[in-house]
Amino acid sequence: MEVADTGDIRRDLTVYLTAVATGLDRMRRVGRDGAGEADRSAGVVAELVAAAARHPDVGDAVRGMFARRNALPLRPLDRARERGALPTGISSEVVFDQLAGALYYRLLITGAPIGADYVQELVDQVLSTATTASHPDGT
């Protein structure tokens with residue numbers, strides 16, 4: 001899935017990560033009839049992560065897939081920095097690691113919901129922190 005580059009990095013990341021969160025939620029329920037909102041299991045995602053950790057060939061395939069997929073939001077983040085929407089000292093890769101890492105943490109560790117409201121708050125806080133960290137005096 002491409003990441004839009006509309007000139008509004010907050011909106012573009014929110015739309016993209018909401019789609020990722022929706023896919024993760026769908027994967028949470030794969031093969032589990034009746035898995036409702038109260039079911040906090042990570043489902044097939046946890047199985048894939050476990051298999052990637054135990055089997056080098058699976059791990060290589062999973063890391064390759066994520067490397068290709070994770071490259072998609074890096075370009076819009078880089079362009080946002082070029083436009084001045086993000087500070088020059090901010091790493092696109094680290095920003096995306098913070099965003100994606102939070103989604104997977106909620107899925108795999110806490111089991112908390114990862115809906116659109118959470119994604120919006122996450123993107124807002126990560127980008128606000130990135131901007132403030134680069135300009136601690138608020139300028």
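A few points about the confidence of the model for the protein
Reasoning step 1: Of all residues in the protein, 86% have pLDDT values of 70 or greater, and the mean over the chain is 86.
Reasoning step 2: Mean pLDDT values for the elements of the protein range from 85 in helix α2 (residues 44-54) up to 93 in helix α4 (residues 92-110).

Thoughts on the layout of surface pockets
Reasoning step 1: Estimates place the volume of the largest pocket at around 300 Å³.
Reasoning step 2: In this structure, the largest pocket is lined by 18 residues; those nearest its centre are Leu 48, Met 65, Phe 66, Arg 69 and Tyr 104.
Reasoning step 3: Every element with two or more residues in the lining of the largest pocket is listed here: α1 (9-29), α2 and α3 (56-83).
Reasoning step 4: Sort the elements by how many residues they give to the lining of the largest pocket and α3 lands first, with six residues.
Reasoning step 5: Residues that form the lining of the largest pocket fall into these classes: 15 nonpolar, one polar and two charged.

Some remarks on α2
Reasoning step 1: Among all positions in α2, only Val 45, Ala 51 and Ala 52 are buried. Projection of α2 onto a plane perpendicular to its axis shows the buried side chains occupying an angular sector of 125 degrees, all on one side. In α2, the exposed positions that point more than 90 degrees away from the buried face belong to Glu 47, Ala 53 and Arg 54.
Reasoning step 2: In the core, the buried residues of α2 are packed alongside α1, α3 and α4.

Reading the values: the criteria
- Residues numbered from 1 in each chain as written.
- Predicted model: local features only at pLDDT ≥ 70, side-chain atom pairs only at ≥ 80, totals over all residues.
- Heavy atoms only, no water.
- pLDDT = per-residue confidence, 0-100.
- Helix = DSSP H or I, 4+ residues; strand = E, 2+ residues; numbered from the N terminus.
- 1 Å grid on protein atoms, 1.4 Å probe; cavity = no way out; pocket = protein on both sides within 12 Å on 5 of 7 lines; lining within 4 Å.
- Points joined across faces, edges and corners; volume = space filled by probe spheres on them.
- Nonpolar A, V, L, I, M, F, W, Y, C, P; charged D, E, K, R; others polar.
- Buried < 20%, exposed > 50% of the residue type's maximum accessible area, 1.4 Å probe, protein only.
- Arc of directions from axis to C-beta.
- Contact = heavy atoms within 4.5 Å.

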